[in-house]
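Inside the fold
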Amino acid sequence: MIFHPQTYSLPDRAGEPFIDSEEIETLLEAHAAASASEVEAVVARAMGRERLALRDVAVLLGAADDDRRRVLEAAERLKREVYGERIVLFAPLYVGNRCTNRCAYCSFRADNPETVRRTLADTEIRREVEALQRAGHKRLILVYGEHPDYSPEYIAHTVRTTYGVRTAPAGEIRRVNINAAPLTVEGFRTVREAGIGTYQIFQETYHREAYAHYHLGGLKRDYDWRLTALDRAMEAGIDDVGLGALLGLHDWRFEVMGLVRHTNHLEACFGVGPHTISFPRIKEASASLPAASPVSDRDFIYAIAVLRLAVPYTGLILTAREPAEVRDAAIRYGVSQIDGGTRLEIGSYAAAAEPGNETELGTRQFAINDSRSLDEIVGVLTAEGYLPSFCTACYRRGRTGEHFMEFSVPGFIKRFCGPNAILTLAEYLVDYASPEVAVRGWRAIGAALEKLSPESAAQTRLRLDRIRAGEKDLYF
């Protein structure tokens, strides 16, 4: 991929604000009616693996309806070329919902009397992780409210607790990501030492005035402290970070531009962009107000396609906030990671596994709209020709941050990701899949093996034989 450094009104310096709202709005206005030739030129650059400038992204966002088809087709093609059929699967685990912020859109806000405050005890964390392991999960993201109780030391403790849980026949969590409040550099070092994977944080909205409108109290009201959180994380040595925006608070086009600008900033300052980008939509008004700038399904899918062309090697995450039909469509145009079997009420994974137990609805942050189990999602993905992956090999082999980009940008990562996806899916099929899903899964593995080089296929088949014989955690 060819990356051209870009010049902005606010220069890129680590730890300093970099979003210029006027600059973004000027670009969007200037290209609000992009011509077909402009769109075609930008698409050609993206397909040639050139890193798109912010102006290029504005052109795609200003494309007419007829030209949007070209963008969608290109995103589908690029997604297939970079990621193949792989879809990474994970689950969120809410550890606690205490919060000192007053974010108008969030049910966790400090002044919401309807929220039941809970923080899982260590024994409860273990029970939740056991339930997730028995479903077949290998990758979790731990989620915390923003409260002094959830200190770096506490977060590190919960990460170590999660890694320490084992269940029969082969349950273990191999990658623990976190979604938590912004920390100091020293705080980030503490959680890094616990072995976290990706540190994820959402800016929510990149528009400074909209941000002030929604964030009414608490430390989160400080736009710049939040905006520069990932800089501090990377300074602390966390080289896998995830950023995100909550679509619906402001014009979705502005937020897409903000996400790309944030990516450019990290690349300019640290030589590597985010590992993942998330873009959930506000789906209900339970947190006191509806989305101020609702995003239609059509625009939402298009936003994903634009992001895929703009950041071809960055994972795009779409959670169970979205209904199944939207998620299934979004995978086609750019999404590479989804959650499965998601439950958001605190303590709900273990409770669901024990008949007669119920969890308090007042502990959840928002509603989910895709309630399919992990097994159901694996079945649907394999039936549609995708290859579900639980792979964590790159993180344990040290292929992260700049090292990951060294492999992924030239396409060398395909030597590892395809075979490792096959091996982790095989583990799931042997240990956890329903009979029907197992049949589909082995069929998908057979098709995936045919697409590998002869040498890679042969080595993968040898490892598959060992997995069938009872070995676990084999990877390249």
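Please refer to the structure higher up on the page.
What counts and what doesn't
Residues numbered from 1 in each chain as written. Predicted model: local features only at pLDDT ≥ 70, side-chain atom pairs only at ≥ 80, totals over all residues. Heavy atoms only, no water. Helix = DSSP H or I, 4+ residues; strand = E, 2+ residues; numbered from the N terminus. Rg over C-alpha atoms; globule rule 2.2 N^0.38 Å. Buried < 20%, exposed > 50% of the residue type's maximum accessible area, 1.4 Å probe, protein only. Contact = heavy atoms within 4.5 Å. Areas by Shrake-Rupley, 256 points an atom, 1.4 Å probe, with all protein chains shown as cover. Lys, Arg positive; Asp, Glu negative; His and termini not counted. Charge placed at Lys NZ, Arg CZ, Asp CG, Glu CD. Disulfide = S-S within 2.5 Å. Core = buried A, V, L, I, M, F, W, Y, C linked by side-chain atoms within 4.5 Å. Polar contact = N/O pair within 3.5 Å; in protein donor to acceptor, adjacent residues only side chain to side chain. Salt bridge = Lys/Arg side-chain N within 4 Å of Asp/Glu carboxyl O. Axes fitted to C-alpha atoms, helices over the stretch in contact; angles between N-to-C directions. Parallel < 35°, antiparallel > 145°, perpendicular 65-115°, else oblique. Left-handed = near helix turned anticlockwise from the far one by under 90°. Pairing = 2+ DSSP bridges. Patch = residues over 30% accessible without salt bridge, like charges linked within 9 Å, V, L, I, M, F, W, Y side chains within 5 Å. Phe/Tyr/Trp six-rings, centres within 6.5 Å; stacked < 30°, edge-to-face > 60°.

1. Remarks on the overall build of the protein chain
Along its length, the protein chain carries 20 helices and nine strands. For 476 residues, the compact-globule estimate of 2.2 N^0.38 gives 23 Å, and the protein chain sits close to it at 21 Å. Projected onto the principal axes, the alpha-carbon positions of the protein chain cover approximately 60 × 55 × 40 Å. Put simply, the protein chain has 476 residues, and 60% of those count as buried. Taking the intrachain contacts of the protein chain between residues at least 6 apart in sequence as the baseline, contacts between residues at least 24 apart amount to 75%. If you sum the accessible surface of the protein chain, you get close to 18400 Å²; carbon and sulfur atoms cover 50% of it. Distance from the positive charge centre (58 side chains) to the negative charge centre (66 side chains) of the protein chain: 4 Å.

2. Section: the state of the cysteines
For the structure on display, the rule yields zero disulfides. Counting only cysteine sulfurs, C394 is the nearest neighbor of C391, a cysteine outside any disulfide, at a range of 6.0 Å. There is no disulfide at C394, and the cysteine sulfur nearest it, in C417, is 5.0 Å away. C394 gets classed as buried once you look at its relative accessible area, which sits at 8%.

3. Brief notes about the nonpolar core
Ranked by internal contacts, the top residues of the largest apolar core, which has 150 residues, are L60, Y144, Y199, F279 and L309. Sort the elements by how many residues they give to this core and helix α12 (residues 297-310) lands first, with ten residues. The contacts of Y144, once residues within four sequence positions are left out, are V95, G96, Y150, Y154, I155, T158, V159, I178, N179 and A180.

4. Some thoughts on the environment of Q365
Its place among the elements puts Q365 in the loop between α14 (348-352) and α15 (374-383). Once the C-alpha coordinates of Q365 and T115 are considered, the two residues, 250 residues apart in sequence, prove to be 8.7 Å apart. Setting aside residues no more than four positions away along its own chain, Q365 makes contact with Y94, C106, S107 and F108. There is a polar contact of 2.7 Å between the side chain of Q365 and the side chain of Y94.

5. A few points about the side chain of D20
In this structure, D20 sits in the segment before α1 (21-30). The buried charged residue D20 lacks any salt bridge, with R261 as its nearest oppositely charged partner at 8.4 Å. At 3.1 Å, the side chain of D20 and the backbone nitrogen of E22 are in polar contact. Non-local contacts of D20, meaning those with residues more than four positions away in its chain, are made with S9 and L10.

6. Description of the packing of helix α5 (residues 122-135) against helix α6 (residues 152-163)
The N-to-C vectors of α5 and α6 enclose an angle of 45°; their axes lie 10 Å apart at closest approach. Classified by the angle between their axes, α5 and α6 sit oblique to one another. The two elements α5 and α6 meet at a crossing, and its hand is right-handed. Residue-level inspection shows D122, I125, R126 and V129 of α5 in contact with α6, the latter providing Y154, H157, T158, T161 and T162.

7. Some points on the pairing of strand β7 (residues 315-318)
Burial along β7 is two-sided: G315 and I317 facing one way and L316 and L318 facing the other are all buried. In the sheet, strand β6 (residues 276-278) pairs with β7 via three bridges, with the strands oriented parallel. Bridge assignment links I277 to a residue of β7, and that residue is L316. When β7 meets strand β8 (residues 337-339), the two strands line up parallel, connected through two bridges. Residue pairing across strands places I317 opposite Q337, the latter belonging to β8.

8. Looking at the pattern of salt bridges
Side chains that carry opposite charge are capable of pairing whenever their charged atoms lie near each other. Evaluated as defined, the whole model comprises 41 salt bridges. Residue D12 is joined to R261 by a salt bridge in which the shortest nitrogen-to-oxygen separation is 3.1 Å. Placement of D12 in the segment before α1 and of R261 in helix α11 (residues 252-270) is noted, with a sequence separation of 249 residues between them. Put simply, E186 and R189 hold a salt bridge, and the shortest N to O gap is 3.0 Å. In this pair, E186 and R189 both sit in helix α7 (residues 185-193), three residues apart, roughly one turn of the helix. Classification of R189 by relative accessible area gives partly exposed; the value is 34%. One network of salt bridges, with partners in common, ties together R166, E172, R174, E427 and D473.

9. Describing a negative patch on the surface
There is a patch of like negative charges on the surface, built from E22, E25, E29 and E209. If you tally residues by element for the negative patch, the top one is α1, at three residues. Within the secondary structure layout, E29 lies in helix α1.

10. Focus: the packing of aromatic side chains
Per the counting criterion, the structure on display carries nine aromatic pairs. Pairing Y150 with Y154 gives two aromatic rings, centres 5.8 Å apart and planes at 35°, and the pair type is tilted. Assigned by exposure class, Y150 and Y154 land together as buried. Centre to centre, the rings of Y428 and Y432 are 6.3 Å apart; their planes meet at 35°, and the pair counts as tilted. Its relative accessible area of 15% is what places Y432 among the buried residues. Cluster of aromatic residues (ring-pair linked, three or more members): Y144, Y150 and Y154.

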